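# Summary of the model geometry
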Amino acid sequence: MANKIAKRKAATSRTRGKKAAKGAARLCACDCGKPATRTFAQGHDAKARSLILKVQRGELKAADLPATLRTAELAKGDGLIARLLRKLQA
Ligand SMILES: [Zn+2]
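Only a predicted model underlies this, so the values are computations on that prediction, with no experimental measurement involved.

Basis of the calculations
- Residues numbered from 1 in each chain as written.
- Predicted model: local features only at pLDDT ≥ 70, side-chain atom pairs only at ≥ 80, totals over all residues.
- Helix = DSSP H or I, 4+ residues; strand = E, 2+ residues; numbered from the N terminus.
- Buried ≥ 20, exposed ≤ 12 C-beta atoms within 10 Å, placed from the backbone.
- Contact = placed C-beta atoms within 7 Å.
- Core = buried A, V, L, I, M, F, W, Y, C linked by C-beta atoms within 7 Å.
- Expected span 1.5 Å × (residues − 1).

## A word on the overall build of the protein chain
- Within the protein chain, the regular secondary structure consists of four helices and two strands.
- In the protein chain, the order of α-helices and β-strands from amino to carboxyl end is α-β-β-α-α-α.
- The burial tally for the protein chain puts 10% of its 90 residues in the buried class.
- Summarising the internal contacts of the protein chain: among those between residues at least 6 apart in sequence, 33% fall at separations of at least 24.

Below is the structure:
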């Protein structure tokens with residue numbers, strides 16, 4: 001029984017470690033200001049994608065994209081957002 005409790009405690013401290021790592025994360029690249037563990041907060045890559053597609057259709061100026069979406073770092077790589085951004089720059 002005591003062993004079970006010890007295991008549960010270990011799991012809890014692991015979870016805490018994960019949360020602490022999340023707290024040190026950057027902000028979402030769609031400029032919403034939410035903390036994100038990756039480039040975008042969950043689902044916000046879709047927001048960014050729709051903004052980029054608006055620019056492609058001429059409904060929005062490239063200069064009106066959030067500055068966080070116009071970084072060179074984001075245009076690198078093989079992801080959809082990166083490819084769309086490179087298309088805009090070309
Ligand atoms: Zn966002």
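## With respect to unusual backbone geometry
- Look at Asp 31: it is not a glycine, yet its phi comes out positive at around 75 degrees.
- By the element assignment, Asp 31 lies in the loop between β1 (26-27) and β2 (35-36).

## A closer look at the nonpolar core
- Counting residues in hydrophobic clusters, the biggest one holds nine residues: Cys 28, Ala 29, Cys 30, Phe 40, Ala 48, Ile 52, Leu 69, Ile 81 and Leu 85.
- At the level of secondary structure, the elements contributing two or more residues to this core comprise α2 (44-57) and α4 (80-89).
- When sequence neighbours within four positions are dropped, the list of residues in contact with Cys 30 reads Phe 40, His 44, Lys 47, Ala 48, Pro 66 and Leu 69.

## A look at α2
- Taking 1.5 Å per residue, 14 residues should reach 20 Å; α2 reaches 20 Å between its end C-alpha atoms and fits that length.
- Directly after α2, the chain includes Gly 58, whose backbone phi takes a positive value near 85 degrees.

## Some details on the environment of Lys 61
- Along the chain, the position of Lys 61 falls in the loop between α2 and α3 (72-75).
- For Lys 61, a count of 9 C-beta atoms within 10 Å corresponds to the exposed category.
- For the pair Lys 61 and Leu 51, spaced 10 residues apart in the sequence, the C-alpha separation amounts to 9.8 Å.

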